[in-house]
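# Residue-level structure breakdown
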Amino acid sequence: MIRIIVALIIFLCVMAISPFLIDEKGYILIAIGNTTIELTVLSAGIMLTLLFIALVISLKLVRGSLNFSFGTWNKLAFAGQRRGIANFNKGLAAYMLEDYSQAEELFAKSAIPSKRKQSAYLLAASASAKLNLNSNTNHYLGLLEKETIKLKDVGLESVIINIKLLMNQDKAETYAKARVLIDENHKQIGHDARLLALEIDLCIIEQRFTQALQYLATARKEKTITDETVQVWEQLAYYGSFNESIKLHDNNTLHENWNGLSRKLKQREAILFAYCRVLAENEVIEPLNKLLVPLFKKSPSNDFLKQIRDLPIKHADELIAIVQKQLHKNVHSGKWLSCLGHLALKSKQYSMAEKAFGSLIKLENAKYGMQYDRQDLQALAHVHSKQGQYQAADAMWLKASTL
């Protein structure tokens, strides 16, 4: 702009001085029809210069007004979307701060104006699920379903979250909806460990134990699924399968089910204890002892014996005899005293159980350290109660609660 002004000043100066430097001023004659316009070169130059300046100023004004009008229109047209995005971001912050009520409200409010319906409805459903507002969760999932129908490619992550929200409601109708979603994405199960885990969980809930066991073979190979998780699935799925065999058929079918497993699977503790639990619950004593007696003689680990005490073994004489032999070798063994106490309690030999638990507790005073836990104290309280020793039982319950 400065260059233009300088050039105009130079031009005007030249035009003003030129008549004094030359004698002939020069004329310009313009004829249009019957009209003629006669101008000197100087006046023509001045008029053209003024016209040019006016044109430049007009262009500047028009351009500024256009920019102003477009800017104003842009602010007015997208104000709602900007507010929606702001609410969406506030909702994310509230969700991270575990203010789920506020997060749900902000996500619901921002869904349409922010043009992020899928994410907003999904997050609103998740926030309401945290508050156990199942009706709200289903409402948002319904809106999400309508929205995803319009999309050709819905991310698998959104599907997985949707399935989780449905399953967490623990209702038959939501399990059915989750089953539909999993079946629609069934091809992804072998490629995505998260969907595989949901399929196994749902199969166990639906008591489709055979199907769950088939998926477990794949789950054991997945590096992203921990062995602890697999063990939980094995315990539930195999227990369901074994229990189904004996309830729907007979003991022989149960034995065939167990014998049909590979040696490697039989050695997995989760599967072994699932089978033992079904045997104990149905008082099938001989096969149970056949499994456990050799293991007891090998001096199993403390963790193994802790799982034994959870089995409802009502006829434990053979196992008790082996435990007593182990105690003869080491009378101060906490794990065997605990095992003896629980086996005696389950078989209603309360006097024996009281002595075993009493000896276990005394180990702490005999400088062997505390080798009992809360479950041992609760079992001893139960023994006292069965023998009518209610004051001692109350004292033991109190001690267990402080442990």
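Whatever comes next refers back to the structure up there.
Model, not experiment: these values are computed from the prediction.

About the cut-offs
- Residues numbered from 1 in each chain as written.
- Predicted model: local features only at pLDDT ≥ 70, side-chain atom pairs only at ≥ 80, totals over all residues.
- Heavy atoms only, no water.
- Core = buried A, V, L, I, M, F, W, Y, C linked by side-chain atoms within 4.5 Å.
- Buried < 20%, exposed > 50% of the residue type's maximum accessible area, 1.4 Å probe, protein only.
- Contact = heavy atoms within 4.5 Å.
- Phe/Tyr/Trp six-rings, centres within 6.5 Å; stacked < 30°, edge-to-face > 60°.
- Helix = DSSP H or I, 4+ residues; strand = E, 2+ residues; numbered from the N terminus.
- Axes fitted to C-alpha atoms, helices over the stretch in contact; angles between N-to-C directions.
- Parallel < 35°, antiparallel > 145°, perpendicular 65-115°, else oblique.
- Left-handed = near helix turned anticlockwise from the far one by under 90°.
- Nonpolar A, V, L, I, M, F, W, Y, C, P; charged D, E, K, R; others polar.
- Polar contact = N/O pair within 3.5 Å; in protein donor to acceptor, adjacent residues only side chain to side chain.
- 1 Å grid on protein atoms, 1.4 Å probe; cavity = no way out; pocket = protein on both sides within 12 Å on 5 of 7 lines; lining within 4 Å.
- Points joined across faces, edges and corners; volume = space filled by probe spheres on them.
- Salt bridge = Lys/Arg side-chain N within 4 Å of Asp/Glu carboxyl O.
- Arc of directions from axis to C-beta.

## Thoughts on the nonpolar core
- Grouped together as the largest cluster of nonpolar side chains are 99 residues, with contacts concentrated most on Phe-242, Phe-296, Ile-308 and Leu-343.
- Non-local contacts of Ile-308, meaning those with residues more than four positions away in its chain, are made with Phe-273, Leu-292, Phe-296, Cys-339 and Leu-343.

## Focus: the packing of aromatic side chains
- Under the definition given, this model contains 6 aromatic pairs.
- Look at Tyr-238 and Phe-242: their rings are 5.9 Å apart centre to centre, the planes differ by 35°, and that puts the pair in the tilted class. In this pair, Tyr-238 and Phe-242 both sit in helix α11 (residues 227-248), 4 residues apart, roughly one turn of the helix.
- Overall, the relative accessible area of 5% leaves Tyr-238 in the buried class.
- A residue is classified by how much of its surface remains accessible, and Phe-242, at 0% relative accessible area, is buried.
- Among the aromatic residues, those joined into a cluster by ring pairs are Tyr-238, Phe-242, Trp-258 and Tyr-275.

## As for the packing of helix α9 (residues 193-205) against α11
- Viewed as axis vectors pointing N to C, α9 and α11 meet at an angle of 30°, and their least axial separation amounts to 10 Å. Classified by the angle their axes make, α9 and α11 are roughly parallel. Helix-helix and strand crossings are classified by hand; for α9 and α11 the assignment is left-handed. On α11, the residues touching Ala-197, Ile-200, Asp-201 and Ile-204 of α9 are Trp-233, Leu-236 and Ala-237.
- Split into classes, the residues belonging to the contact of α9 with α11 amount to 6 nonpolar, no polar and 1 charged.

## Considering the side chain of Glu-234
- Here Glu-234 shows up in helix α11.
- A distance of 2.8 Å separates a polar atom in the side chain of Glu-234 from a polar atom in the side chain of Arg-220.
- The residues contacting Glu-234, other than those within four sequence positions of it, are Leu-216, Arg-220, Tyr-239, Arg-268, Ala-270 and Ile-271.

## A closer look at the packing of helix α7 (residues 156-167) against α9
- For the pair α7 and α9, the least separation of the axes is 10 Å and the interaxial angle reads 25°. With respect to α9, the axis of α7 lies roughly parallel. The hand of the α7/α9 crossing is left-handed. Side by side, α7 and α9 meet where Leu-156, Glu-157, Ile-160, Ile-163, Lys-164 and Met-167 of the first sit next to Arg-194, Leu-195, Leu-198, Asp-201, Leu-202 and Ile-205 of the second.
- Considered class by class, the residues forming the contact of α7 with α9 number 8 nonpolar, no polar and 4 charged.

## Digging into the environment of His-384
- When you line up the elements, His-384 lands in helix α20 (residues 374-386).
- Filtering out sequence-adjacent residues up to four positions away, His-384 remains in contact with Glu-354, Gln-389, Ala-392 and Ala-393.

## Structural notes on the layout of surface pockets
- In this structure, the second largest pocket encloses a volume near 290 Å³.
- For the lining of the second largest pocket, the secondary structure elements donating two or more residues are α11 and α14 (269-281).
- If one sorts the elements of the lining of the second largest pocket by residue count, α11 sits on top with 7 residues.
- Taken together, the residues of the lining of the second largest pocket break down into 9 nonpolar, 4 polar and 4 charged.

## Regarding the pattern of salt bridges
- A complete count under the given rule lists 12 salt bridges for this structure.
- Measuring nitrogen to oxygen at the nearest pair gives 2.8 Å for the salt bridge that ties Arg-179 to Glu-206. Taken as a pair, Arg-179 in helix α8 (residues 172-184) and Glu-206 in the loop between α9 and α10 (209-219) lie far apart in primary sequence, 27 residues in all.
- For Glu-206, a relative accessible area of 28% gives the class partly exposed.
- The structure contains a network of salt bridges with shared partners spanning Arg-179, Asp-183, Glu-199, Glu-206 and Arg-208.

## Comments concerning the environment of Ser-385
- With respect to the helices and strands, Ser-385 occurs in helix α20.
- The exposure class of Ser-385 is partly exposed, given its relative accessible area of 31%.
- Distance from Ser-385 to Tyr-350, taken between C-alpha atoms, is 10.0 Å for residues 35 residues apart in sequence.
- In contact with Ser-385, not counting residues within four places along its chain, are Tyr-390 and Ala-393.

## Focus on helix α12 (residues 251-259)
- Inspection of α12 places Leu-254, Asn-257 and Trp-258 among the buried residues, and these make up the whole buried set. Down the axis of α12, the buried set is contained in an arc of 95°. They therefore lie on one face. Residues of α12 that are exposed and point over 90 degrees away from its buried face: Asn-252, Glu-256 and Asn-259.
- In this structure, the buried residues of α12 make contact with α11, α13 (263-266), α14 and α15 (285-297).
- One side-chain oxygen at the N-terminal end of α12 lies 3.3 Å from the backbone nitrogen of Asn-252; it belongs to Asp-250.

## Considerations on unusual backbone geometry
- Located in the positive-phi region is Glu-98, a residue other than glycine, with phi close to 65°.
- Positive phi, close to 55°, is recorded for Glu-283, a residue that is not glycine.
- Topologically, Glu-283 is positioned in the loop between α14 and α15.

## Structural notes on the side chain of Ser-333
- As for its placement among the helices and strands, Ser-333 is situated in the loop between α17 (317-329) and α18 (334-346).
- Ignoring any residue separated from it by four or fewer positions in sequence, one finds Ser-333 in contact with Leu-327 and Gln-371.

All we've got here are geometric facts, nothing functional implied.
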